[in-house]
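One-letter residues, chain by chain:
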Amino acid sequence: MSNIDVIEKFLRYVKIDTQSDDTTGTSPSTMKQHDLAKLLYDEMNTIGVSNVFYDKDHCYVYGVIPATAGYENAPKIGFISHMDTSDEVSGKDVKARIVEKYDGNDITLSSDGKVVLSPDSFPELKNHIGEDLIVTDGTTLLGADDKAGIAEITTMAEVLLTNPDIPHGDIKIAFTPDEEIGEGTAHFDIEKFGAKFAYTVDGGKLGDLEYENFNAAEGKIVVNGRSVHPGDAKDKMVNASLICYEFHSLLPVQMNPMYTQGREGFFHLTEINGSTEKASASYIIRDHDEALFEKKKQLFIDAAEYLNKKYGEGTVEVKVRDQYKNMIEKIRPHMHLIENAKKAMTDIGVTPLEFPIRGGTDGASLSYKGLPCPNLCTGGYNYHGKYEYASVQEMEKTVDILLGIVNEYGKSYK
Ligand SMILES: [Zn+2]
């Protein structure tokens, strides 16, 4: 794939601390994300990307690889990655190291020998025997989430710009801030981006192809009790904590994240507080299937209403608020997004892994804003921690997948 080196780019990007922070309330949430945005802005200009635009207010960088001659009207597709890293572990002074031809044994990460990346804890390491793995020094995260995606996109861009014989329509690229705190699409300018369809390059394992995520809502109850001295409480006391407990027992026991997987939805109790006088509980409600999701939300409300019939109107206040939706409804009319990605993978011997995400993605939110947007692999693993690593060979193959997708869209046009 020529001498453009995705790993060289990646190792440069991870040196820049871009940790986001959900407590600042600003956009971007941390100014240091601009350090990478500026670098990408310069690099895109240097390699010849057109219309490079840096939204300095909100820290987004956009660019275009113009269509080759005769393909000006081919479908305009986009590729998106996020610049920030998780706030769970520091991303400052990342000292990445490459373990060449991994032998399947423990990798000691930290100089004191205490942080060890071991197949005993991470059995999937055994799938990488013989590959070169990029690891941390055990003090920070790596930042493959999502700088691997950024490096793969800039490498794809450079390959296309230096090989004008690969025919394609306009390719749009964008790098976003604050994905990790759920704000990645808050100021994303779909109009300016200009693609009809896009992919986020923000998955993990080589072959990941994600286009189904949860429908998500949060549910809250507040229980209003009546505190009376327990000595005189007969027929007078209403114990809010006990009613809260009763509410929970009305939800199906097995619909719990501890007992569900795949496409099974759940009610997850995230927080509970209570006294005799007042109690409250917060839940998240999840299901891939829209009808089952609606049913779960209704059941939540019905449980509260049942208790109000039993204990009196106003005892349980209930609120359900939608958070995000399963992108599948927006992808289904454009299954070429999936077919072309699968073709690009199988053409280079990669098996597509199509599993529903048990969470959400920026792509889900973009899909509902009018930009259908499944998620692709990066070759990174163990995100958000010191044990994060990336496979050199999987990252290189991911670049080939991106180029393959571009190629499929070019081919399907002619
Ligand atoms: Zn990510």
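Residues numbered from 1 in each chain as written. Predicted model: local features only at pLDDT ≥ 70, side-chain atom pairs only at ≥ 80, totals over all residues. Heavy atoms only, no water.

**With respect to unusual backbone geometry**
To keep it simple, the criterion reads: Secondary structure elements are defined from DSSP: runs of H or I of at least 4 residues count as helices, runs of E of at least 2 residues count as strands, and each element is numbered from the N terminus.
Cis peptide bonds are those with omega within 30 degrees of zero, and the linkage from Ser 27 to Pro 28 qualifies with 0°. Structurally, Pro 28 can be placed in the loop between helix H1 (6-14) and helix H2 (33-47). Cis geometry is found at the peptide bond from Asp 145 to Asp 146, where omega equals 10°. If you trace the backbone, Asp 146 turns up in helix H3 (residues 144-162).

**Let's talk about the coordination of the zinc ion**
How we decide: With water excluded from the atoms, a metal site may look incomplete; its donors are any N, O or S atoms within 2.8 Å, or within 3.2 Å for Na, K and Ca. Donor angles set the geometry label: tetrahedral for four donors if every angle is between 85 and 135 degrees, square planar for four and octahedral for six if opposite donors exceed 155 degrees and the others are between 65 and 115, irregular for anything else. Three labels apply to residues, based on accessible area from a 1.4 Å probe with only protein chains included: buried if under 20% of the type maximum, exposed if over 50%, partly exposed otherwise in between.
Here the zinc ion is held by the protein donor atoms His 82 (NE2), Asp 145 (OD), Asp 202 (OD) and Asp 202 (OD), which lie 1.9 to 2.7 Å from it. For the zinc ion, the four donor atoms in the first shell make angles of 52 to 148° at the metal, a pattern classed as irregular. Written as a sequence motif, the donor residues of the zinc ion are H-x62-D-x56-D. Of this pair, Asp 145 sits in helix H3 while Asp 202 sits in the loop between strand S9 (197-201) and strand S10 (209-210), and the two are 57 residues apart along the sequence. Considered together, Asp 145 and Asp 202 belong to a single accessibility category, that of buried residues.

**What to know about the sheet that holds strand S13 (residues 278-287)**
In plain terms, the rule: Pairing between two strands is assigned when DSSP locates at least 2 bridges connecting them. Axis lines are fitted to C-alpha atoms, over the contacting stretch for helices. Their N-to-C directions set the angle, which ranges from 0 to 180 degrees. By definition in these notes, contact holds between two residues if any of their heavy atoms fall within 4.5 Å.
If you trace the four strands from one edge of the open sheet to the other, you get S12-S13-S11-S14, paired in antiparallel fashion. Strand pairing shows two members of the sheet lacking a second neighbour, strand S12 (266-274) and strand S14 (316-324), which therefore form its edges. On average, adjacent strands in this sheet sit at an angle of 15° to one another, irrespective of strand direction. Relative to S14, strand S11 (residues 215-224) runs antiparallel, the two being bridged by eight bridges. Bridged to Ile 221 within S14 is Val 318. Lying on the sheet, helix H5 (residues 240-249) is in contact with S11, S12, S13 and S14; it crosses S13 at an angle near 15°. Its contacts with the sheet place helix H6 (residues 290-311) against S11, S12, S13 and S14, and it is angled at close to 165° to S14.

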